[in-house]
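Fold and geometry: a report
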Amino acid sequence: MTFVRNAWYVAAWSAEVPEDRPFSRTLLGEPVMLFRDAQGRALALADRCPHRFAPLHKGDVRDGTVGCPYHGLRFDGTGRCTLNPHGDGRIPEAARVRSYPLCERHGAIWIWMGEPARVDAANAALPDFSFIDPAQNEVSTGYLRTRAHYQLSADNLLDLSHFQYLHPDTLGSAAIARDPGRFAQAGDTVRAHRCAQAEELPSFVAQAFGVPAGMRVDRHLEVRWDPPGLMAIDVGVAPAGMPHGRVSRSAHLLTPETRTSTHYFFAFGVPKTLGAAARMLVDYALAGLMTPFRDEDLPMLEAQQAALGDADFWACRPVLLPIDGGAIRARRVMESKLAEEAQ
Amino acid sequence: MTFVRNAWYVAAWSAEVPEDRPFSRTLLGEPVMLFRDAQGRALALADRCPHRFAPLHKGDVRDGTVGCPYHGLRFDGTGRCTLNPHGDGRIPEAARVRSYPLCERHGAIWIWMGEPARVDAANAALPDFSFIDPAQNEVSTGYLRTRAHYQLSADNLLDLSHFQYLHPDTLGSAAIARDPGRFAQAGDTVRAHRCAQAEELPSFVAQAFGVPAGMRVDRHLEVRWDPPGLMAIDVGVAPAGMPHGRVSRSAHLLTPETRTSTHYFFAFGVPKTLGAAARMLVDYALAGLMTPFRDEDLPMLEAQQAALGDADFWACRPVLLPIDGGAIRARRVMESKLAEEAQ
Amino acid sequence: MTFVRNAWYVAAWSAEVPEDRPFSRTLLGEPVMLFRDAQGRALALADRCPHRFAPLHKGDVRDGTVGCPYHGLRFDGTGRCTLNPHGDGRIPEAARVRSYPLCERHGAIWIWMGEPARVDAANAALPDFSFIDPAQNEVSTGYLRTRAHYQLSADNLLDLSHFQYLHPDTLGSAAIARDPGRFAQAGDTVRAHRCAQAEELPSFVAQAFGVPAGMRVDRHLEVRWDPPGLMAIDVGVAPAGMPHGRVSRSAHLLTPETRTSTHYFFAFGVPKTLGAAARMLVDYALAGLMTPFRDEDLPMLEAQQAALGDADFWACRPVLLPIDGGAIRARRVMESKLAEEAQ
Ligand code: FES
Ligand code: FES
Ligand code: FES
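Just so it is clear, the model here is predicted, and its values are computed rather than measured.

Focus: the domain arrangement of chain A
Residues and elements named next belong to chain A. Taken domain by domain, chain A holds domain 1 (8-126) and domain 2 (131-342). Once you take the C-alpha centre of each, domain 1 and domain 2 turn out to be 32 Å apart. When the two sides are added together, the surface that domain 1 and domain 2 hide from each other amounts to roughly 1,400 Å², 67% of it contributed by carbon and sulfur. Three residues, Tyr9, Trp13 and His106, lead the burial of domain 1 against domain 2; their summed loss comes to 44% of the area buried on that side. Here Arg118 ties to Glu340 by a salt bridge, and the two come within 3.5 Å at their closest N and O atoms. Between domain 1 and domain 2 we count six residue pairs in polar contact (both at pLDDT 80 or more) in total. Secondary-structure elements contributing two or more residues to the side of domain 1 that touches domain 2 are strand 1 (8-13) and strand 2 (23-27).

This is the structure:
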């Protein structure tokens with residue numbers, strides 16, 4: 001078993017799938033086509049016509065059906081063939097495409113590629129990402145494709161001690177680096193906490209929080225991880241010694257493209273109740289963090305994958321440090337889920 | 001067995017192999033070098049020196065021999081080493097290159113990569129392509145390399161119902177699409193017929209046939225396939241209801257480069273007896289069809305191959321439609337030939 | 001066993017590894033990082049952090065240690081972890097990187113990737129390359145990466161009969177080509193000798209030796225090969241029939257990058273005692289030979305490798321000619337070393 005299948009994965013940001021034409025993406029190693037019906041409801045089919053294997057996403061969308069670009073068979077959102085334009089128009093029984101349950105929530109389209117019978121239970125258990133729901137929040141979203149196993153990204157985000165080394169110009173601080181971190185697990189949810197007391201913020205962060213230069217603050221980093229790779233990071237900043245301050249929240253959602261590549265969806269949300277500043281804040285966060293994500297994290301993740309090659313992570317016998325407490329817990333959760341599905 | 005070997009394949013258009021230097025191409029997975037002797041006769045050798053495996057096509061041609069570019073051994077068209085320029089010049093018995101029977105016919109160089117003893121029988125059975133022979137015809141030739149199994153191209157050409165979907169701007173018509181087609185097999189030859197009655201031609205086709213805008217015509221598409229992938233397409237256009245009209249003929253000759261890539265040779269021929277118009281007609285056909293072939297068929301074929309990956313076509317369990325009647329027959333002929341050669 | 005490991009290989013020219021930052025190169029299939037300590041001494045580590053497999057060469061060098069670019073562990077030249085910047089700073093026993101013995105000699109950094117216990121014996125046996133030592137010589141150095149097995153380069157250099165065919169414009173001469181060559185082996189050292197009597201030199205060579213146009217000379221080519229691929233070529237030119245003339249010396253040092261790619265280090269050295277001319281001569285040699293090496297030898301080697309694919313050299317049953325006497329002896333030496341290490 002390569003992937004945990006009984007889980008909701010993000011397939012796309014809602015805005016990536018337009019009303020009038022299909023969108024395609026490889027998810028868990030399978031080419032998938034997304035489109036919308038007349039009501040705007042998102043639908044997902046295997047991106048491969050059962051007739052001669054043409055890519056359906058190159059076809060046209062009409063009335064909730066997609067037409068194959070090669071010989072024009074049409075399929076609806078359940079994968080049923082609704083039109084054979086040739087001869088007497090009979091439709092062979094086998095002319096069906098696999099369809100995948102979808103739900104659209106918090107500005108993202110989520111896909112279920114596992115056993116259909118288990119959708120509902122999972123549904124109820126989806127962790128809270130309402131803080132990036134565009135109904136109540138100003139949101140900025142980003143996407144990066146990483147040629148590395150998705151668990152390497154989870155490792156990265158569950159251990160923010162790397163700020164000081166990998167992102168010295170934007171996020172790093174000696175104080176954050178010093179804290180070995182605290183880790184906790186409740187059910188399948190893993191949490192990592194790291195804080196810096198009375199530190200002077202790096203200037204990018206200071207500006208994001210509106211902290212005047214030279215002011216000392218306490219900074220808290222709270223990372224929440226849920227399987228299969230759904231993460232929330234809260235950054236709290238308060239004047240040194242004060243209990244309350246401002247919190248910035250971001251979502252980091254990992255979907256395997258293949259065994260060695262990952263779709264990384266990230267988003268910043270600020271409640272609309274904050275008024276005009278909300279839009280500015282999320283735009284500032286995205287603009288400022290895209291650079292370290294793309295130019296520092298991404299090459300590191302890809303270099304790790306290159307070093308691993310086809311080998312299993314544990315087979316390479318990584319040295320464990322206290323800072324790995326969160327990453328290791330998350331890996332254990334995924335391994336037990338994989339083992340369970342393999343039964 | 002990957003390829004049917006006891007068959008004539010097109011190795012090159014005659015004009016691709018000049019008088020004075022070698023030409024190379026991978027055919028049926030093997031690198032082959034073509035060159036001409038002093039009489040202009042085309043010759044073919046394995047493109048690999050038996051001494052240190054240098055590519056012979058980088059050498060020089062002289063008096064019907066080719067010199068290896070590395071240490072200068074020379075080989076004639078039978079593959080015999082004729083010169084060792086070093087020391088006492090003795091020529092080891094093993095210094096031989098495989099040579100392949102060739103014939104030059106109808107403006108193409110045909111190669112035989114199977115058992116030499118079976119050449120002559122096959123020779124007699126070569127289907128008629130005299131309509132592209134430059135002696136009697138104005139001819140325009142084209143070439144495309146497709147990263148897809150050659151049988152996918154045969155499927156494509158044996159089922160022209162795709163005109164309406166893949167080539168809506170040039171060849172498509174609802175009438176052609178509606179006809180389920182008729183298929184016949186005689187010996188190893190497969191024929192597919194499709195027609196549209198009283199249709200208004202797409203403007204590219206109308207112009208090719210000199211049909212005035214708005215005039216209703218009957219259009220007949222006759223496809224002839226012979227193993228291993230030698231195809232002729234006749235398009236007949238006549239005023240609606242009339243028995244006779246103009247016929248345009250083209251050749252479509254498929255040679256596997258590797259298991260998943262194909263040399264696609266195509267040509268249009270018009271009898272020189274038609275006078276000055278003949279040249280114009282074949283140039284118009286080539287200019288007009290290069291675009292759909294290269295920008296519509298080729299990407300579709302490559303997308304099909306990408307979807308198949310390394311899997312066998314039948315293992316992917318394609319849905320069969322009535323329009324596949326010709327393609328399926330051709331695949332069966334090839335499969336029985338492969339099975340026969342495997343014995 | 002893919003590589004002979006108990007041997008000194010050139011890892012880099014000394015000048016490639018600066019004082020202040022790491023340098024990386026894949027050697028014998030393993031990523032290696034080279035750097036210098038405060039005294040300028042060259043050090044080599046496996047280029048892979050034992051924590052999360054980050055490439056160490058992307059880190060910073062300080063006081064003879066390199067810092068991992070991901071979470072800041074530091075390692076010294078023995079591979080020992082000297083700093084864990086997180087939490088209580090404890091350093092796990094397993095936090096070690098493999099280090100490789102190095103020596104710096106004759107302007108090159110040599111690496112030992114075999115059993116440490118066998119370094120000293122090998123050390124004593126290193127063949128003489130003092131003629132490219134920058135202390136006593138003007139030296140020009142070159143580097144090319146070749147996508148071909150390193151033994152194909154040794155074949156190339158041990159058989160200079162290819163001058164006439166592959167390098168007709170610079171080095172070739174009919175007289176050199178005619179000589180079948182003489183070969184000798186003493187211990188593991190293989191020698192090849194080839195000469196041309198009373199020939200008119202090709203103009204590039206004539207100029208390199210200061211020979212006036214039209215003058216007849218004797219040219220001697222002496223090639224010395226030692227395992228694993230350490231070669232010296234002496235070219236001697238004397239007026240026809242005279243015993244003494246000028247000798248030009250070059251080193252050709254082959255290090256496998258992978259099974260099918262090679263680092264080719266070459267250098268020309270002329271004693272400083274020659275005065276100002278020495279610099280001019282080595283610059284002239286490098287400038288003149290880079291072109292045939294890069295544009296003629298390299299594509300030939302890569303074409304040979306492409307023809308071999310994954311197959312073993314002998315499995316492809318090369319035809320043996322008398323000119324191969326040196327190349328075959330060198331291959332036999334390497335095969336017996338591989339067999340010995342496999343025990
Ligand atoms: S490939 Fe889809 S209809 Fe033929
Ligand atoms: S490789 Fe052809 S003669 Fe040596
Ligand atoms: S990967 Fe090197 S310190 Fe973490």
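Description of the relation of the copies chain C and chain B
Structural alignment of chain C on chain B gives an RMSD of 0.1 Å, achieved by rotating through 120 degrees and translating 0.2 Å along the axis. Both copies are brought into coincidence by an operation consistent with a three-fold rotation axis. No C-alpha of chain C approaches the rotation axis more nearly than that of C:Asp310, which lies at 11 Å.

Describing the side chain of B:Asp37
Residues and elements named next belong to chain B. Within the secondary structure layout, Asp37 lies in the loop between strand 3 (30-36) and strand 4 (42-46). Owing to a relative accessible area of 9%, Asp37 belongs among the buried residues under this scheme. Here Gln39 takes part through its backbone nitrogen, which lies 2.9 Å from a polar atom of the side chain of Asp37. Discounting chain neighbours no more than four positions away, the residues touching Asp37 are Glu19, Leu43 and Gly64.

Some thoughts on the sheet that holds strand 2 (residues 23-27) of chain C
Residue and element names in this part refer to chain C. Taking strand neighbours across the sheet as the criterion, the four strands line up as 2-3-4-9 in an open arrangement whose pairing is antiparallel. Two strands close off the open sheet at either side, each with one partner strand: strand 2 and strand 9 (99-100). Where strand 3 (residues 30-36) and strand 4 (residues 42-46) come together, five bridges link them in antiparallel fashion. Looking at the pairing, Leu34 lines up with Ala44 of strand 4.

With respect to the packing of helix 2 (residues 150-158) of chain A against helix 6 (residues 276-308) of chain A
All names here are of chain A. Look at helix 2 against helix 6: their axes get within 10 Å of each other, and the N-to-C directions meet at 130 degrees. On the basis of the axis angle, helix 2 is oblique to helix 6. In the crossing of helix 2 with helix 6, the sense of the turn from one axis to the other is right-handed. Counting all contacts with helix 2, which are made through Leu152, Ser153 and Asn156, the residues of helix 6 involved are Asp297, Leu301, Gln304, Gln305 and Leu308. A per-class count over the contact of helix 2 with helix 6 returns three nonpolar, four polar and one charged.

A closer look at the interface of chain A and chain B
Each partner contributes residues to the interface: chain A has 19 residues there, and chain B has 27 residues. Buried surface at the junction of chain A and chain B, both sides included, amounts to about 2,000 Å², of which 64% is carbon and sulfur. The interface formed by chain A and chain B includes one salt bridge. Across the pair B:Asp324 and A:Arg52 runs a salt bridge whose closest N-O atoms are separated by 3.3 Å. One can count ten residue pairs in polar contact (both at pLDDT 80 or more) joining chain A with chain B. Of the residues belonging to the side of chain A that touches chain B, the class tally is eleven nonpolar, six polar and two charged.

So, the interface of chain C and chain B
Contact residues are listed per partner, giving 26 residues for chain C and 19 residues for chain B. Note on chain C versus chain B: buried area summed over both sides is about 2,000 Å², and carbon and sulfur give 64% of it. Broken down residue by residue, the surface that chain C buries against chain B is led by C:Tyr165, C:Val319 and C:Leu321, which jointly contribute 31%. Inspection of the region where chain C meets chain B yields ten residue pairs in polar contact (both at pLDDT 80 or more). When residues of the side of chain C that touches chain B are traced back to their parent elements, those giving at least two are helix 2 (150-158), helix 3 (163-166), helix 4 (174-178) and helix 6 (276-308) of chain C. Per element, the largest residue contribution to the side of chain C that touches chain B is six residues, and it comes from helix 6 of chain C.

Considering the packing of aromatic side chains
For the structure shown, the criterion picks out 33 aromatic pairs over all chains. Relative to C:Phe313, the ring of B:Phe53 lies with its centre 5.9 Å away and its plane at 75 degrees, an arrangement referred to as edge-to-face. Taken together, the residues B:Phe53 in the loop between strand 4 and strand 5 (60-62) and C:Phe313 in the loop between helix 6 and helix 7 (325-342) connect one chain to another. Taken as a pair, B:Phe53 and C:Phe313 share a single burial class, namely buried. Where C:Tyr143 meets C:Phe265, the ring centres are 5.3 Å apart and the plane angle is 50 degrees; that geometry is what we call tilted. With C:Tyr143 in strand 12 (residues 137-146) and C:Phe265 in strand 18 (residues 261-271), this pair connects stretches of sequence that are 122 residues apart.

Reading guide: rules and limits
Residues numbered from 1 in each chain as written. Chains lettered and ligands numbered in written order. Predicted model: local features only at pLDDT ≥ 70, side-chain atom pairs only at ≥ 80, totals over all residues. Heavy atoms only, no water. Domains from an automatic or database assignment. Buried area = accessible area lost by both parts, 1.4 Å probe. Salt bridge = Lys/Arg side-chain N within 4 Å of Asp/Glu carboxyl O. Polar contact = N/O pair within 3.5 Å; in protein donor to acceptor, adjacent residues only side chain to side chain. Helix = DSSP H or I, 4+ residues; strand = E, 2+ residues; numbered from the N terminus. Least-squares fit on C-alpha atoms with pLDDT ≥ 70 in both. Buried < 20%, exposed > 50% of the residue type's maximum accessible area, 1.4 Å probe, protein only. Contact = heavy atoms within 4.5 Å. Pairing = 2+ DSSP bridges. Axes fitted to C-alpha atoms, helices over the stretch in contact; angles between N-to-C directions. Parallel < 35°, antiparallel > 145°, perpendicular 65-115°, else oblique. Left-handed = near helix turned anticlockwise from the far one by under 90°. Nonpolar A, V, L, I, M, F, W, Y, C, P; charged D, E, K, R; others polar. Phe/Tyr/Trp six-rings, centres within 6.5 Å; stacked < 30°, edge-to-face > 60°.

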